[in-house]
Amino acid sequence: MKGKVVLVTGANGGLGTYVTQTFLDAGATVIGTSRRIQQSDFDSPNFTALPAEISTHEGAKVLLDQVVARFSRLDVLAHTVGGFAGGQSVADTDDATFQRMFDLNLNATFHLLRAVLPAMRKTGNGRIIAIGSRAAAEPGASVGAYSASKAAMVSLIRTVALENTDAGITSNVILPGTMHTPANRKAMPDADFSKWVQPTSVASLIVWLAGDAGKAMNGAVIPVYGDV
């Protein structure tokens, strides 16, 4: 990954921290973004923190303008940010919760892709990897808004894959099961953590998809469900 310019969204989050560090360990130049990212979050000269609000068109465009101004191009997007809400049936889900899930999981992805693609098409070998959820393919009870938003995001990523093959861009989405992160451990303290998906495994897969070895993968929906 040496010489590659990589943008990681949610870079200091439960999964994003591992993704950012794995790209740095592979020699990439990494721009990490989230609402509250700091330069001190990663101890590497190849890391740049750019706080941003990607849930709006304007916020995503400002972020990409900064990336291109400072690094001239963008080779890889690793989109790890998202949101979760559950505990209510579809009949009991209020408008605000439904809209929030689509804002965080679908609309933010749309705004980011619309900002990223023009810059990526100039490189001739762009890589887009997004994090979905097992719930996108296997929805469960009481997570209807979340599942629907993640399923729509998968469709969007696969459409981007079809629309940009002429520019050498690949777009793939990973569907993890429950991730072994501090937030999930706190939310489900009685669960069997040994069956959960390790963030290091997903991070390694993202870096593989971003490299030369993964260039034949395009439009793939890759399940990583853990010990089920």
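Here we come to the layout of surface pockets. Each pocket or cavity is described by its volume, and for the largest pocket that value is around 1,400 Å³. Contributing to the lining of the largest pocket are 46 residues, with G82, G83, F84, Y146 and N184 lying nearest its centre. Contributing elements (two or more residues each) for the lining of the largest pocket: α3 (95–121), α4 (134–137), α5 (144–163) and α6 (182–187). The residue inventory of the lining of the largest pocket, partitioned by class, reads 19 nonpolar, 18 polar and 9 charged.

With parallel pairing, 7 strands are arranged side by side in an open sheet as β3-β2-β1-β4-β5-β6-β7. Each of the sheet's edge strands pairs with one partner strand only, and the pair in question is β3 (47–49) and β7 (221–224). With direction set aside, neighbouring strand axes in the sheet form an average angle of 20 degrees. Where helix α2 (residues 57–71) meets the sheet, it contacts β1 (5–9), β2 (29–33) and β3, and its direction lies at approximately 155 degrees from that of β2. Strands β5 (127–131), β6 (170–176) and β7 of the sheet are contacted by α5, whose axis makes an angle of about 155 degrees with β6.

So, about the nonpolar core. Most often, soluble globular proteins keep nonpolar side chains buried together rather than apart. With 34 residues, the main nonpolar core has L63, L64, L74, L77 and I128 as its most contacted residues. Breaking this core down by element, the ones donating at least two residues are β1, α2, α3, β5, α5 and β6. Residue contributions to this core peak at 9 residues, all from α3. In this view, L74 contacts V5, V6, L7, L64, V67, V116, M120 and T123; residues no more than four positions away in its chain are not counted. Within the second largest apolar cluster, 30 residues are counted, among which are L15, L205, I206 and V224.

Attention shifts here to helix α1 (residues 16–25). Turning to α1, its buried residues number three or more, namely G16, V19, T20, F23 and L24. The buried residues of α1 occupy an angular sector of 130 degrees when the element is viewed end-on, so they sit on one face. At its buried positions, α1 is contacted by β1, β2, β3, β4 (76–79) and α7 (199–210). Phi turns positive one or two residues past the end of α1, at G27, with a value near 95 degrees.

A separate point is the pattern of salt bridges. Using the criterion set out here, one finds 5 salt bridges in the structure. Where R73 meets D75, a salt bridge forms, and the shortest distance between an N and an O atom there is 3.0 Å. Judged by its relative accessible area of 4%, D75 is buried. The residue E138 makes a salt bridge to R134 at a minimum N-O spacing of 3.1 Å.

Next up on the list: α7. Here α7 spans 17 Å end to end across 12 residues, near enough to the 16 Å set by a 1.5 Å rise per residue. Among the structural elements, α1, β4, β5, β6 and β7 are those in contact with the buried residues of α7.

What follows covers the pairing of β4. The side chains of a regular strand alternate between both faces of the sheet. Covered by surrounding structure in β4 are V76 and A78 together with L77 and H79, the residues of both alternating faces. Pairing analysis gives 4 bridges linking β1 to β4, with the strands arranged parallel. Across the sheet, residue V8 finds its bridge partner in β4, namely A78. Strand direction decides the pairing type here: β4 and β5, joined by 4 bridges, are parallel. Pairing of V76 across the sheet is with R127, part of β5. Read from β4 through α3 to β5, the crossover connection turns out right-handed.

Reading the values: rules and limits
Residues numbered from 1 in each chain as written. Predicted model: local features only at pLDDT ≥ 70, side-chain atom pairs only at ≥ 80, totals over all residues. Heavy atoms only, no water. 1 Å grid on protein atoms, 1.4 Å probe; cavity = no way out; pocket = protein on both sides within 12 Å on 5 of 7 lines; lining within 4 Å. Points joined across faces, edges and corners; volume = space filled by probe spheres on them. Helix = DSSP H or I, 4+ residues; strand = E, 2+ residues; numbered from the N terminus. Nonpolar A, V, L, I, M, F, W, Y, C, P; charged D, E, K, R; others polar. Pairing = 2+ DSSP bridges. Axes fitted to C-alpha atoms, helices over the stretch in contact; angles between N-to-C directions. Contact = heavy atoms within 4.5 Å. Core = buried A, V, L, I, M, F, W, Y, C linked by side-chain atoms within 4.5 Å. Buried < 20%, exposed > 50% of the residue type's maximum accessible area, 1.4 Å probe, protein only. Arc of directions from axis to C-beta. Salt bridge = Lys/Arg side-chain N within 4 Å of Asp/Glu carboxyl O. Expected span 1.5 Å × (residues − 1). Right-handed = clockwise from strand over helix to strand, strands pointing away.

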